[in-house]
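Notes for the structure review
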Amino acid sequence: MYKYLIILPLVFVLVVCLISCSPANNKPVMIRFSPDSSGIVFSRIDAAGLLELRNTSGIDTSYSSVLSVMEMTGENNPLAFEHEFPGRLAMSDSTIVFTPLVTFSKGKSYQVVSYLNAKFGNAAMMLTGKLDNKVKPQTVVLTR
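Report follows, based on the coordinates. Values in this document were obtained by computation on a predicted structure and should not be read as measured data. (Residues numbered from 1 in each chain as written. Predicted model: local features only at pLDDT ≥ 70, side-chain atom pairs only at ≥ 80, totals over all residues. Heavy atoms only, no water.)

Mapped onto the fold, Met 72 is located in strand β3 (residues 67-72). Sequence-wise, Met 72 and His 83 are 11 residues apart; in three dimensions their C-alpha atoms are separated by 7.9 Å. (Helix = DSSP H or I, 4+ residues; strand = E, 2+ residues; numbered from the N terminus.)

Considering all chains together, one arrives at one salt bridge under this definition. We note a salt bridge from Glu 71 to Lys 108, for which the minimum N-O separation is 3.0 Å. Residue Glu 71 is located in strand β3, and its partner Lys 108 is located in the loop between β6 (96-100) and β7 (109-114); the two are separated by 37 residues in the primary sequence. By relative accessible area, Glu 71 is classed as buried at 6%. For Lys 108, a relative accessible area of 29% corresponds to the partly exposed category. (Salt bridge = Lys/Arg side-chain N within 4 Å of Asp/Glu carboxyl O. Buried < 20%, exposed > 50% of the residue type's maximum accessible area, 1.4 Å probe, protein only.)

Now for helix α2 (residues 47-54). Taken as a whole, α2 has its buried residues at Gly 49, Leu 50 and Leu 53. The arc that holds every buried residue of α2, seen down its axis, measures 100 degrees, which confines them to one face. Among the exposed residues of α2, those pointing more than 90 degrees away from its buried face are Ala 47, Ala 48, Leu 51 and Glu 52. Residues of α2 that are buried sit in contact with β5 (87-91) and β6. (Arc of directions from axis to C-beta. Contact = heavy atoms within 4.5 Å.)

Okay, here's the thing in structure tokens:
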């Protein structure tokens, strides 16, 4: 009977260790301006995110809940937004290029919000109690 009291905690510790070791290499999406600053390039996107966007033909970012680009009015105030920048998405094998309908202005800052590769959490977050009730987007501020 006491034999199970020793084995049970060891099995529990082993299971927790196996759950916390995740084979997934979850890198965030790389968001940057294209070399000529005419568009925004999204790279390091997982296959599921690319497939979801490919299945939506002719996607326009004005109606997309996956990607959005907003022009910032105040440089030091990230909460002050002027308007959302509409544009088109062009996809290749591993990257997405956002091309705005109006060109980016030099010296302005743009906030990019991306739900690509976003997840609720993993086993480590669950065990530490850091899970949230919604998916957290990746937000990047780019200055041209």
